[in-house]
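# Coordinates in review
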Amino acid sequence: MDPVFLAQDCINGVLMGLIYGLVALGLTLIFGVLKVINFAHGSFLMVGMYVAYWAVTLSGLSPYPALVIIVPAMFLFGYWVQHLLIRPIFIAEKNVREPITVIIVTTGLWYVLDNLALLVFGPDYRALNPNPLKGQMLEMGEIIVSVPKLYGALATLATAGGLHLFLQHTRLGRAVRATSLDREAASLMGIGQWKIFNIAFGIGTAVAGISGAVLTPFYNVYPTVGIPFDIKSFVIVVLGGLGSIWGALVGGVIIGLIESIGPNFMTSTWTEGIVYALFLLVLFVKPSGLFGQKQDW
Amino acid sequence: MKRSHLLSAVLTLCLAVPALAFAAPSVKVGNILPLSGPSASVGLQAKQAREMAIEEINGAGGIKSLGGAKIELLYADSKSDPNVGVTEAERFINTEKVHLLAGAWNSGVTYPTTAVAERYGIPYIVPVSVRDTITERGFKNVFRIAAKDSWWTRDQFTFLKDMQQEFGGTLSTVAFVYENGDWGTGFAAQWKELVKSSGMQVVLDEPYSSSATDLTPLVNKIRRAKPDVLLLVSNAADAILLTNTLADYKVSPKVILGSGGGHADPTFISACGANARYVFDIVEWETDVNKPGAREANEKYRAKYGTNLTGEAVDAYVAMYVMADALERAGSLDPAAIRKALAETDYKSGPGMIVTYDAIKFDESGQNRNAALSIVQINDLGKGLERITVWPKAARRAGYTPVFPMPAK
């Protein structure tokens, strides 16, 4: 295989993989703290993309500056979804650590959000306009690198780094980690479990908002846009280890590289087969994922 | 106890009153369409076109031979999933007791749902769904308005040959890139046959998933294959993503030729902008068609729904008129009578007849024998990007010279 081709494919694979990792980051964060899977995560991404779309369209800002609107809006959205929808389930099922009902409720939320978007915005495929990043490419001879994806990959690293610092070095971050490790012990130490749940959910949703801002410059916005990313996120999160920030990024890059390099040797649709085979393999061999912490149950 | 009796009495009354109100005769038509999922946008157009036609038909007095019976449209969302489609077809026939079925846009859904209709003997009108075999199973109850896909691919190759003859230049290599559903793989199978006698060499034969999150790997593959002609079958979201990514990576074949579907979606041009320029697409109908009533119908549609009619919307629109015409002649709601009337259809003029050809007439298999195709090029003639009919030459918009080959990027 031509080394130039390989370099091109690796660059695209890593960039796109990091962006997949960013999408999965919100899912893994919420799981890490609440220990429940948010099935509506793809819809949160969709909401994030619409928020990004409208923030850019209405304010005329570029997608990245528009993050000052998108991130708080999405944080509040996640915060209140947890407070109003998820918390009552935890209260109702006090004796259960991971209430299965949450899966049902978030699945319901997924349908409600997707159909609400269909109702409000119609099925149209929307492209960002104005879009200062559209068609921006860095050309280095035969190798072409997409600028919006490069920005997206940098945004991913910045987000992951920021979250890492927040969790390791702030008081609130420590409280989040404590709740994640043992919510009863954390409560006994005076940490407000519900508040931490709300905040963790809010942060996870805000990250979906960042993903929205990252994706809109090169991806269309439509009501079911979350579904293809959703499935990918589940695979990434399991691959990297549920609850692990860096695991999500590594998982994303692995999938990005498979998707990008694989088609040189086979029809591109077969790369999905490899991704799922790997997914099963990890589940069999190392169910906690590559970077998963030993579970505390 | 007493109170609950009262309650149930009130409830019964509530349920009974609307039932009485709807007792007037109506023809129930079950429509199976992709109203959510990757094809929701075309599903919605199909729904809107049907509703516009039925509003007109009901507004003009309904089906007179049935005492002015109104047509009632019921919808089921197939989500582009054959299993969902089959369940909904069963439900329409057994629970809703529909008199006719119509659908289902996705060939993959139409294929099994028409089999359900055939089993129950319920007439099934297929406005759009191009897979050949839908009308090649000896079914008696399936009537298709649109051209079969073998006619589409045949015309795509004839177009390529004609363009080389008219404008010179040779097209020596071709890449087949298609969505991996029934529709795309069906087209590709025929391309592989047709290419043998075309003198072109196939340099890439690549299916892809319409719900792919990244098409860059596919585009890089096309870039490395360097085809003269890029033949595509795409749904809406992927047609947009593919066109933009091709432009980003400066992939410049001499001809990019779509197969309707996503390339004909009204949002395609707005979402791709200048990247869509010079792309060719095969269609059944275009807004610049010279046919009485066509412009009025398009203007009405645009005023109502905000987009132009597409070939597929026109098929859905005309299908409703063909159905009303058959019901009028059948004068009965018996499925066999409706079937017989549909088979005898010869719809030449009258409202709704805005297709490019002269008459809708079904052959033995239920295929509309006259369905015809044309090819458009997307270009900007100073009034923004638009679709301009270029082929067959007789139908070409006056004064337009197609841009062939596409300028290199």
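Please read all numbers here as calculations on a predicted model, not as lab measurements. (Residues numbered from 1 in each chain as written. Chains lettered and ligands numbered in written order. Predicted model: local features only at pLDDT ≥ 70, side-chain atom pairs only at ≥ 80, totals over all residues.)

Turning next to the overall build of chain B. Secondary structure summary: chain B contains 12 helices and 14 strands in total. When the 409 residues of chain B are sorted by exposure, 53% land in the buried category. Contacts spanning at least 24 positions in sequence make up 68% of the contacts within chain B whose residues lie at least 6 apart. (Helix = DSSP H or I, 4+ residues; strand = E, 2+ residues; numbered from the N terminus. Buried ≥ 20, exposed ≤ 12 C-beta atoms within 10 Å, placed from the backbone. Contact = placed C-beta atoms within 7 Å.)

Opposite the 27 residues of chain A that make contact, chain B presents 29 residues. Counting residues per element, the ones that place at least two in the side of chain A that touches chain B are helix 1 (3–34), strand 2 (143–146), helix 9 (226–240), helix 10 (245–261) and helix 11 (268–285) of chain A. No other element matches helix 1 of chain A, which puts 5 residues into the side of chain A that touches chain B. For the side of chain A that touches chain B, the class distribution of residues is 12 nonpolar, 10 polar and 5 charged. (Nonpolar A, V, L, I, M, F, W, Y, C, P; charged D, E, K, R; others polar.)

Attention shifts here to the pairing of strand 10 (residues 280–283) of chain B. Residue and element names in this part refer to chain B. The side-chain alternation of strand 10 yields two buried faces, one formed by Phe 280 and Ile 282 and the other by Asp 281 and Val 283. Handedness of the crossover is the feature at issue here: the chain leaves strand 9 (residues 255–258), passes through helix 9 (residues 266–272), returns alongside strand 10, and the resulting connection is right-handed. Bridge count for strand 10 against strand 13 (residues 374–380) is 4 bridges, and the pairing is antiparallel. By the bridge assignment for strand 13, Ile 282 is matched with Ile 375. (Right-handed = clockwise from strand over helix to strand, strands pointing away. Pairing = 2+ DSSP bridges.)

Attention now goes to the packing of helix 10 of chain A against helix 11 of chain A. Residues and elements named next belong to chain A. In the contact formed by helix 10 and helix 11, the axes pass within 8 Å of each other and the chain directions differ by 150°. Judged on the interaxial angle alone, helix 11 and helix 10 are roughly antiparallel. The two elements helix 10 and helix 11 meet at a crossing, and its hand is right-handed. Contacts between helix 10 and helix 11 involve Ile 255, Ile 258 and Glu 259 on the former and, on the latter, Thr 271, Ile 274 and Val 275. Residues belonging to the contact of helix 10 with helix 11 are distributed by class as follows: 4 nonpolar, 1 polar and 1 charged. (Axes fitted to C-alpha atoms, helices over the stretch in contact; angles between N-to-C directions. Parallel < 35°, antiparallel > 145°, perpendicular 65-115°, else oblique. Left-handed = near helix turned anticlockwise from the far one by under 90°.)

Turning our attention to the sheet that holds strand 14 (residues 385–391) of chain B. Residues and elements named next belong to chain B. Spatially, the 7 strands line up as an open sheet ordered 7-6-8-9-10-13-14, and their pairing is mixed. Only two strands of the sheet have a single neighbouring strand rather than two, namely strand 7 (201–208) and strand 14. Shown here is a sheet whose adjacent strand axes are inclined to one another by a mean of 25°, direction ignored. Two elements, strand 8 (residues 229–233) and strand 9, share 3 bridges in a ladder whose sense is parallel. Bridging across to strand 9, Leu 230 finds its partner in Ile 256. Those strands touched by helix 5 (residues 149–167) are strand 8, strand 9, strand 10, strand 13 and strand 14, and its axis lies near 135° from that of strand 10. Taken strand by strand, helix 6 (residues 182–194) contacts strand 6 (173–179), strand 7 and strand 8, and its axis lies near 160° from that of strand 6.

Each turn of an α-helix holds 3.6 residues, which means side chains three or four residues apart point in the same direction. Residue and element names in this part refer to chain A. Look at helix 5 (residues 147–169): 32 Å from first C-alpha to last across 23 residues, which is about the 33 Å you get at 1.5 Å a residue. Three or more residues of helix 5 are buried, namely Pro 148, Lys 149, Tyr 151, Gly 152, Ala 153, Ala 155, Thr 156 and Thr 159. In the core, the buried residues of helix 5 are packed alongside helix 1, strand 2, helix 8 (193–215) and helix 10. (Expected span 1.5 Å × (residues − 1).)

The subject of this paragraph is the sheet that holds strand 4 (residues 124–126) of chain B. All names here are of chain B. Strands sit in the order 2-1-3-4-5 across an open sheet of 5 strands; the sheet is parallel. The sheet terminates laterally at strand 2 (70–77) and strand 5 (142–144), the two strands that pair on one side only. This sheet shows a mean twist of 25° between the axes of neighbouring strands, independent of strand direction. Against the sheet, helix 3 (residues 82–94) contacts strand 1 (26–33), strand 2 and strand 3 (100–103), and its axis sits at roughly 170° relative to strand 1.

On to the nonpolar core, then. What tends to happen in soluble globular proteins is that the nonpolar side chains get buried as a cluster. Residues A:Ala200, B:Leu101 and B:Val318 are the most contacted members of the largest nonpolar core, which totals 216 residues. Once you skip the residues sitting within four places of it in the chain, B:Val318 turns out to touch B:Ile145, B:Gly352, B:Met353, B:Ile354, B:Val355 and B:Ile360. (Core = buried A, V, L, I, M, F, W, Y, C linked by C-beta atoms within 7 Å.)

Below, the discussion takes up the confidence of the model for chain B. Residues and elements named next belong to chain B. Scored by pLDDT, chain B comes out at a mean of 89, with 94% of its residues at no less than 70. The model gives residues 13–23 a pLDDT under 50, and that stretch makes 0 contacts with residues more than four places away or in other chains. Across the whole predicted complex the pTM is 0.78, and at the interface the ipTM reaches 0.89. (pLDDT = per-residue confidence, 0-100.)

Residues and elements named next belong to chain A. With respect to the helices, strands and loops of the structure, Ala 155 is situated in helix 5. It is 8.8 Å that separates the C-alpha atoms of Ala 155 and Ser 211, two residues lying 56 residues apart in sequence. Excluding residues that lie within four positions of it along the chain, Ala 155 makes contacts with Leu 22, Ile 210 and Val 214.

This part is about the environment of A:Lys232. Note that A:Lys232 resides in helix 9. Since 23 C-beta atoms lie within 10 Å of it, A:Lys232 is described here as buried. Linking A:Lys232 and A:Val275, residues 43 residues apart in sequence, is a C-alpha distance of 9.1 Å. Non-local contacts of A:Lys232, meaning those with residues more than four positions away in its chain, are made with A:Tyr20, A:Ile255 and B:Thr213.

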